[in-house]
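Listed here are the chains, written in short residue letters.
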Amino acid sequence: MWTCPKCGRTFKRQEQSHFCGKAPETIDEYISAQPEEVQQYLQEVREALHAALPEAEERISWSMPTYWKKHNIIQFAGFKKHVGLYPGAEAVWEFSERLKEYKTSKGTIQLPYSKTVPKELISDIAKWCYV
C-alpha cells in the first residue's frame, strides 16, 4: 500500500496517479491546475470535443472534464505523458482501425503529448458516442 504524502489517500500501487485536493469545479479550473507544458494540449482536446458536441454541457465528473447530455458522453484527463480519452469500450472497438497508433484499453485511449492532437479522430469518436 502507498499513501500519497499530499492528500493522504491510500492506494494499492506505489506512486499511483490521482488528483490531490479539492476537485476542480470547471474545465477551465481543471486545465489551469495541470502542468503548464500540457495545458495547450488539453485545451485542444477540449476544443475538438466542444466543436463536435456543441449542445453538450461541460462539467466535471469523477474529477475529470466531461461532456454530458442526459448522460456522460465522453471524458478526458491529463496524465504525465498523455491525455486519457474515455469514450467507452464500444467506441474503442468501433474505432479500433483508426486507433492502431495509440495505446488503448477497455474504454480508454491514450493520446501522447509527443503527437499532435488528432482533432478529427476525437470529433468522430465524440459524435459516435453521442448518437
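Cut-off values and rules
- Throughout this document, residue positions are counted from 1 along each chain, in the order its sequence is written.
- Thresholds applied to this predicted model are a pLDDT of at least 70 for local features of residues and 80 or more for the giving and counting of side-chain atom pairs; totals over whole chains, interfaces and linings are not thresholded and use all residues.
- Where side-chain values are given, they derive from all heavy atoms of the structure, hydrogens and water being excluded.
- Secondary structure counts use DSSP, requiring at least four H or I residues in a row for a helix and at least two E residues in a row for a strand, with both numbered from the N terminus.
- Contacts are residue-level and defined by heavy atoms, with any inter-residue pair within 4.5 Å sufficient.
- When DSSP finds at least two bridges between two strands, those strands are taken to pair.
- Simply put, an axis is a line fit to the C-alpha atoms, just over the touching stretch for a helix, and the angle between two N-to-C directions goes from 0 to 180 degrees.
- Classification of residues uses two cut-offs on accessible area relative to the type maximum, computed with a 1.4 Å probe and protein chains only: under 20% is buried, over 50% is exposed, and between them is partly exposed.
- Here, a salt bridge means any Lys or Arg side-chain nitrogen found within 4 Å of an Asp or Glu carboxyl oxygen.

Engineer: So what exactly am I meant to see when it comes to the side chain of Arg-46 here?
Structural biologist: Here Arg-46 is to be found in helix H2 (residues 36-52). Excluding anything up to four places from it in sequence, Arg-46 contacts Ile-27, Asp-28, Ile-31, Glu-58, Tyr-67 and Phe-76.

Engineer: Could you clarify how one ought to interpret the sheet that holds strand S4 (residues 64-68) in this entry?
Structural biologist: Consider a sheet: its strands pair through backbone hydrogen bonds, and that pairing is either parallel or antiparallel. Pairing is antiparallel in the open sheet, where six strands are placed in the order S3-S4-S5-S6-S8-S7. The outermost strands of the open sheet, each flanked by one partner alone, are strand S3 (57-61) and strand S7 (103-105). Strand-to-strand twist across the sheet, computed as the mean angle between neighbouring axes with direction ignored, equals 25°. Taken together, the three bridges between S7 and strand S8 (residues 108-112) define a ladder with antiparallel strand orientation. Among the inter-strand pairings, Thr-104 is bridged to a residue of S8, identified as Ile-109. The strands touched by H2 are S3, S4, strand S5 (72-78), strand S6 (82-86) and S8; relative to S5, the strand with the most contacts, the crossing angle is about 170°. Along the sheet, helix H4 (residues 119-130) contacts S5, S6 and S8; its crossing angle with S5, the most-contacted strand, is approximately 145°.

Engineer: Sorry, what's going on with the pairing of S6 here?
Structural biologist: Successive side chains on a regular strand alternate, one facing one side of the sheet and the next facing the other. Most of S6 is tucked away: four of the five residues are buried. The pairing of S5 with S6 spans four bridges and is antiparallel. Residue pairing for S6: Gly-78 is matched across the bridge by Val-83. Counted between consecutive antiparallel strands, the loop separating S5 from S6 contains three residues. Here four bridges tie S6 to S8, and the two strands are oriented antiparallel to one another.

Engineer: Is there a simple way to think about the pattern of salt bridges in this case?
Structural biologist: Opposite charge on two side chains makes pairing possible when the charged atoms of those side chains draw close. In the structure shown here, the tally under the stated rule is eight salt bridges. Ionic contacts of the salt-bridge type, sharing partners, join the residues Asp-28, Arg-46 and Glu-58 into one network.

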